[in-house]
Amino acid sequence: MRRLLLGILFIVLVFSASVISVSISASIRRVAGGSADVAHNKIKILEVRDELSGINLVRIYVTVLVDVSGSYRVAVTVSNDQGSASGSWTGTLTGGQETTITINIPPPYLKEGATGFNHKVEVTPL
Amino acid sequence: MPSKPPQFFCIRKLRVIVFFITLIIVLSSLASLSVNLNLQAESFILGGSATYTYDAGVEKVRSVRLNVSGDDVTGAQATCQKVKTDSGYYAVSVTFSNGVESRSGQATVYQGKGVEYFTVPITFDSPIGYYPNPSVSAECWKVS
């Protein structure tokens, strides 16, 4: 009786696992195939503009275009041979509408150097 | 024949209950994993990061704005900073890469004295897809 019960439970477990794995693989195929009902959130970083005060980088303007409205975090890290600086912004972006974000770089400011500014911009949905 | 003590029955029942609880935990974990993967699939994100690299020197790029048409990049507008008291011909070059292929464009313009910032439009030979790994590099310099 006990073995029978264990056998039934094992079959139920295997069946459930197989059903779930089929469901997961179907989801993956649906996304990979670019199915129309899957909302791809396409993010475009259209512009990065530096503002300096003398030789100090004080502000960065980033223009972003997203497909899906919602809360986002925009983070920028700037580096050159003098070091690196970073800043971020959190707020709401509207889908299909370009938004220019102002990110203030906190002191100590990054100074201009022998190499130019390299900007790494990351936009993350919250 | 003496009957078994009642605690053995309790232990057997307890083992069955523990087994059921374990089974429920395993199944619910798999179900939550499935739901989580489904939710991730529904909000598939493209292009969450990009790099923009500008040059240094006497003349330097201060901004680049990409011209896009749908998911394609057709060109860019680069803003260059020069010495205000200088004049001459200035070249601006922009390269866009999506991590798979790249496009470059260059333009030369004349700028007189009194101008510190100027913007140059650049059109690529053919459009290039923005995704999957966009990066931009730009430079400007005085030609003569």
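Residues numbered from 1 in each chain as written. Chains lettered and ligands numbered in written order. Predicted model: local features only at pLDDT ≥ 70, side-chain atom pairs only at ≥ 80, totals over all residues. Heavy atoms only, no water.

Looking at this structure, I do not really get the pattern of salt bridges. What am I missing?
Close approach of charged atoms allows side chains with opposite charge to pair. Applying the stated criterion to the full structure yields ten salt bridges over all chains. Residue Lys42(A) pairs with Asp71(B) through a salt bridge whose shortest N-O separation is 2.6 Å. With Lys42(A) in strand 1 (residues 40–53) and Asp71(B) in the loop between strand 3 (60–69) and strand 4 (72–81), this pair bridges two chains. Residue classification places Lys42(A) among the partly exposed residues on the basis of a relative accessible area of 22%. Residue Asp71(B) is classed as partly exposed on the basis of its relative accessible area, which comes to 28%. Between Glu47(A) and Arg65(B) there is a salt bridge, with the nearest N and O atoms lying 3.4 Å from each other. Residue Glu47(A) is found in strand 1, and its partner Arg65(B) is found in strand 3; the two belong to separate chains. Among the residues examined, Glu47(A) registers a relative accessible area of 12% and is labelled buried. If you follow the salt bridges from partner to partner, you end up with Glu47(A), Arg49(A), Glu98(A) and Arg65(B) in one network. (Salt bridge = Lys/Arg side-chain N within 4 Å of Asp/Glu carboxyl O. Helix = DSSP H or I, 4+ residues; strand = E, 2+ residues; numbered from the N terminus. Buried < 20%, exposed > 50% of the residue type's maximum accessible area, 1.4 Å probe, protein only.)

Whenever I open this one, the sheet that holds strand 4 (residues 83–93) of chain A confuses me. Can you help?
The strands that make up a sheet pair up through hydrogen bonds in the backbone, lying either parallel or antiparallel. Taken in spatial order, the seven strands line up as 4(A)-3(A)-7(A)-2(B)-8(B)-5(B)-6(B) in an open sheet, and their pairing is mixed. Both edges of this open sheet fall to strand 4 of chain A together with strand 6 (102–111) of chain B, since each of them pairs with a single strand only. Looking at each pair of strands side by side, their axes are set apart by 15 degrees on average, direction ignored. The sheet contact formed by strand 3 (residues 70–80) of chain A and strand 4 of chain A spans eleven bridges and is antiparallel. Pairing of Tyr72(A) across the sheet is with Gly91(A), part of strand 4 of chain A. (Pairing = 2+ DSSP bridges. Axes fitted to C-alpha atoms, helices over the stretch in contact; angles between N-to-C directions.)

Got a minute to help me understand the environment of Lys60(B) in this structure?
Residue and element names in this part refer to chain B. Locating Lys60 in the fold gives a position in strand 3. A relative accessible area of 13% means that Lys60 is categorised as buried. Measuring from C-alpha to C-alpha, the distance between Lys60 and Thr79 comes to 8.6 Å, with 19 residues separating the pair along the chain. A polar side-chain atom of Lys60 sits 3.1 Å from the main-chain carbonyl oxygen of Gly57. (Polar contact = N/O pair within 3.5 Å; in protein donor to acceptor, adjacent residues only side chain to side chain.)

Any chance you could explain the packing of aromatic side chains here in plain terms?
Any pair of aromatic rings gets described here by the distance separating the centres and the angle formed by the planes. Taken as a whole and judged by the stated rule, the model has five aromatic pairs over all chains. With 5.0 Å between their ring centres and 80 degrees between their planes, Tyr130(B) and Tyr131(B) make a pair best called edge-to-face. Comparing Tyr130(B) with Tyr131(B) shows no difference in burial state: the two are buried. Sitting over the ring of Tyr61(A), Arg49(A) keeps its end group 4.4 Å from the ring centre. (Phe/Tyr/Trp six-rings, centres within 6.5 Å; stacked < 30°, edge-to-face > 60°. Lys NZ or Arg CZ within 6 Å of the ring centre and 35° of its normal.)

Is there a simple way to explain the environment of Phe117(A) in this structure?
Looking at the element boundaries, Phe117(A) is found in the loop between strand 6 (110–111) and strand 7 (118–125). Measuring from C-alpha to C-alpha, the distance between Phe117(A) and Val78(A) comes to 6.2 Å, with 39 residues separating the pair along the chain.

What's the story with the confidence of the model for chain A in this structure? I'm lost.
Low pLDDT marks stretches whose predicted atomic positions should not be read closely. Considering every residue of chain A, the mean pLDDT works out to 86; 82% of them sit at 70 or more. In the model of chain A, helix 1 (residues 2–32) of chain A stands out as the element of lowest mean pLDDT, 70, in contrast to strand 2 (residues 56–66) of chain A, which has the highest, 97. (pLDDT = per-residue confidence, 0-100.)

I'm lost on unusual backbone geometry in this one. Help?
A negative phi angle characterises most non-glycine residues, just as the trans form characterises most peptide bonds. Residue Pro107(A) is joined to Pro108(A) through a cis peptide bond whose omega torsion reads 0 degrees. Position of Pro108(A) relative to the elements: it lies in the loop between strand 5 (99–104) and strand 6. With an omega dihedral of 15 degrees, the bond running from Tyr131(B) to Pro132(B) counts as a cis peptide bond. Relative to the elements of secondary structure, Pro132(B) occurs in the loop between strand 7 (117–129) and strand 8 (135–142).

Could you clarify how one ought to interpret the nonpolar core in this entry?
What tends to happen in soluble globular proteins is that the nonpolar side chains get buried as a cluster. Counting residues in hydrophobic clusters, the biggest one holds 46 residues, and the most contacted among them are Ile45(A), Val62(A), Tyr52(B), Val64(B), Leu66(B) and Val94(B). Beyond its immediate chain neighbours, meaning those up to four positions away, Leu66(B) contacts Ile45(A), Leu46(A), Tyr52(B), Val73(B), Gly75(B), Ala76(B), Phe96(B), Tyr130(B) and Val136(B). (Core = buried A, V, L, I, M, F, W, Y, C linked by side-chain atoms within 4.5 Å. Contact = heavy atoms within 4.5 Å.)

Would you take a moment to explain the confidence of the model for chain B for this structure?
Across chain B, pLDDT averages 88, with 87% of residues at or above 70. Note on the complex model: pTM 0.74, ipTM 0.74.

Quick question: what am I supposed to make of the pairing of strand 8 of chain B here?
Working note: regular strand, side chains alternate between the two faces of the sheet. Residue and element names in this part refer to chain B. Taken together, the four bridges between strand 2 (residues 49–54) and strand 8 define a ladder with parallel strand orientation. Along strand 8, the bridge assignment pairs Tyr54 with Ala138. Where strand 5 (residues 88–97) lies against strand 8, eight bridges are found, and the strand directions are antiparallel. Directly across from Ser93, in strand 8, lies its bridge partner Glu139.

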